[in-house]
Amino acid sequence: MPRICLALQGGGAHGAFTWGVLDRLLEEPDFEIAAVSGTSAGALNAASLAAGHAAGGNDAARAALTRLWRTVSERSPLGAATNALPFFPLPRALIHKALERLQLFGQLVSPYSPGLPRANALRSVVESSIDLPLLQSQTTLPTFVSATDVEAGAARVFTGAELTADALLASACLPDLFRAVEIDGRSYWDGGYLGNPVLTPFFAEDRGTSDILIVQVTPFVRDGVPEEPVEIMGRVNEITFNASLRRDLRMLTEIARLARAEDLENPVLRRIASLRLHMITAGDALTRRGSISKLDTRWSELTDLRDMGRTATDAWLAEHRKDLGQRSSLKGDYGLLS
């Protein structure tokens, strides 16, 4: 299997699907990652993957990802409550209805409201489950995390020594849940608004491969027009958080088409011209759960999503393993890089 650049989308608890994808890929004996990019939950997956890999290769990376999602469940109020009462499981529909009400209430309350905690609830998860000093110092797996500069309305990509807890929290900072994260005097929100995930680092420099594998957890397409407030809000967020990826794929497709017809001296354009794009997506199985399930952090739900990711990866490898290093396997209305 050729070396691959991994691009990991964000999507709350649905990031556990990406955990399953990575867990399955890391079982492949000849699987080699050239670089990894992540946003929001994808940033946490990317950081855990890179730190674990630096500590002990593929097996340690798998263990690090398991530790991340176990900690997410244990440190979240919903996960902690259900883990403490394993013999009294509540139906998914009932829990999701309660989460819908909480989400609607949250739209009316600012995270800056007096009396609400200032601390970011994800900080303890990041600091206890990810080896941050190792992540910042390792050089074997270039790692890129994006966040949105609130005032400038521009994306910032963090890498290397910049990959602090604050950078990871900034990448996952949904403004209706958390206060903006301040880094070097700038305030940041979730990176998904402008790069979900960012692809530029994979061709701005030579990574030794032209294959980019995107792990998508937010669907491009969802049948039907939502009518309930939570469903409307969820679909708006899906469209918003996919806009940058659609834009980037269309742009790369068009630039690659034009670049192949020219004898180029610019090395970046040459790399774009040779890109091979691939995507593993959850498909209908994840779409049917609805956007509210992104808040469901129960361990049973997270491991179910992990298994879904492993199954999707098995199917993708069976169909597209032969495409790696040869051609793009990604198709869609944004075009195909072949």
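Up top is the structure.
Residues numbered from 1 in each chain as written. Predicted model: local features only at pLDDT ≥ 70, side-chain atom pairs only at ≥ 80, totals over all residues. Heavy atoms only, no water.

Caption draft 1: The arrangement of the packing of helix 2 (residues 41-75) against helix 12 (residues 299-320) in detail. Relative to each other, helix 2 and helix 12 sit at 145 degrees, their axes nearing to 9 Å. Seen from above, helix 2 lies across helix 12 with right-handed handedness. The residues of helix 12 that touch helix 2, namely those facing R62, T66, W69, R70, V72 and S73, are W299, L302 and R310. The residue makeup of the contact of helix 2 with helix 12, split by class, is four nonpolar, two polar and three charged. (Axes fitted to C-alpha atoms, helices over the stretch in contact; angles between N-to-C directions. Helix = DSSP H or I, 4+ residues; strand = E, 2+ residues; numbered from the N terminus. Left-handed = near helix turned anticlockwise from the far one by under 90°. Contact = heavy atoms within 4.5 Å. Nonpolar A, V, L, I, M, F, W, Y, C, P; charged D, E, K, R; others polar.)

Caption draft 2: Broad picture of the pairing of strand 1 (residues 3-8). In terms of burial, strand 1 is a largely internal element, five of the six residues being buried. Of the strand pairs in this sheet, strand 1 and strand 2 (residues 32-38) are connected by six bridges, and their pairing is parallel. Across the sheet, residue C5 finds its bridge partner in strand 2, namely A35. Taken together, strand 1, helix 1 (residues 15-25) and strand 2 constitute a β-α-β crossover, and its handedness is right-handed. Sheet topology places strand 1 next to strand 7 (residues 211-216); four bridges connect them, and they run parallel. Paired with L6 across the bridge in strand 7 is L213. (Buried < 20%, exposed > 50% of the residue type's maximum accessible area, 1.4 Å probe, protein only. Pairing = 2+ DSSP bridges. Right-handed = clockwise from strand over helix to strand, strands pointing away.)

Caption draft 3: Structural context of the side chain of N58. Along the polypeptide, N58 turns up in helix 2. The contacts of N58, once residues within four sequence positions are left out, are L26, E28, F31 and H53.

Caption draft 4: Spatial organisation of helix 2. Taking 1.5 Å per residue, 35 residues should reach 51 Å; helix 2 reaches only 15 Å between its end C-alpha atoms and comes up short. Where helix 2 bends most, at G57, the angle is about 140 degrees. (Expected span 1.5 Å × (residues − 1). Bend = angle between axes of the 7 residues up to and from the residue.)

Caption draft 5: Spatial organisation of the packing of aromatic side chains. Summed over all chains, the structure comprises three aromatic pairs. Ring geometry for W19 versus W299: centroids 5.7 Å apart, planes at 35 degrees, classification tilted. Residue W19 is found in helix 1, and its partner W299 is found in helix 12; the two are separated by 280 residues along the sequence. Both residues of the pair, W19 and W299, belong to the buried class. Taking the centre distance of 5.7 Å and the plane angle of 75 degrees together, the rings of F158 and Y188 count as edge-to-face. Remark: Y188 occurs in strand 6 (residues 186-190) and F158 occurs in strand 4 (residues 154-159); sequence separation between them is 30 residues. The exposure class assigned to F158 is buried, which follows from its relative accessible area of 1%. Looking at Y188, the relative accessible area reads 2%, which means it is buried. Residue placement shows R70 over the ring face of W299; its charged tip is 3.8 Å from the ring centre. (Phe/Tyr/Trp six-rings, centres within 6.5 Å; stacked < 30°, edge-to-face > 60°. Lys NZ or Arg CZ within 6 Å of the ring centre and 35° of its normal.)

Caption draft 6: Broad picture of the nonpolar core. Judged by nonpolar contacts, the single largest core of 60 residues is most densely connected at L6, F17, L49, I130, L135 and L168. The dominant element in this core, judged by the number of residues it contributes, is helix 2, at 12 residues. In this structure L49 touches L6, L22, L26, I33, V36, A61, L65 and L141, once residues within four positions along its chain are discounted. (Core = buried A, V, L, I, M, F, W, Y, C linked by side-chain atoms within 4.5 Å.)

Caption draft 7: The arrangement of the pattern of salt bridges in detail. Overall, the coordinates contain 23 salt bridges when judged by the stated rule. Close ionic contact of R123 with D166 constitutes a salt bridge, the shortest N to O distance being 2.6 Å. Here the residue R123 occupies a position in helix 5 (residues 123-129), and D166 occupies one in helix 7 (residues 165-171), the gap between them amounting to 43 residues. The exposure class of D166 is partly exposed, given its relative accessible area of 25%. (Salt bridge = Lys/Arg side-chain N within 4 Å of Asp/Glu carboxyl O.)

Caption draft 8: View of the side chain of Q9. Position of Q9 relative to the elements: it lies in the loop between strand 1 and helix 1. Within the structure, the side chain of Q9 is placed 2.8 Å from the side chain of N242, a separation counted as a polar contact. If we ignore the near neighbours within four places in the chain, the residues touching Q9 are T39, A41, G42, N196, P197, V215, Q216, V217, T218, F241, N242 and L245. (Polar contact = N/O pair within 3.5 Å; in protein donor to acceptor, adjacent residues only side chain to side chain.)

Bear in mind that shape data such as this cannot, by itself, settle questions of function.
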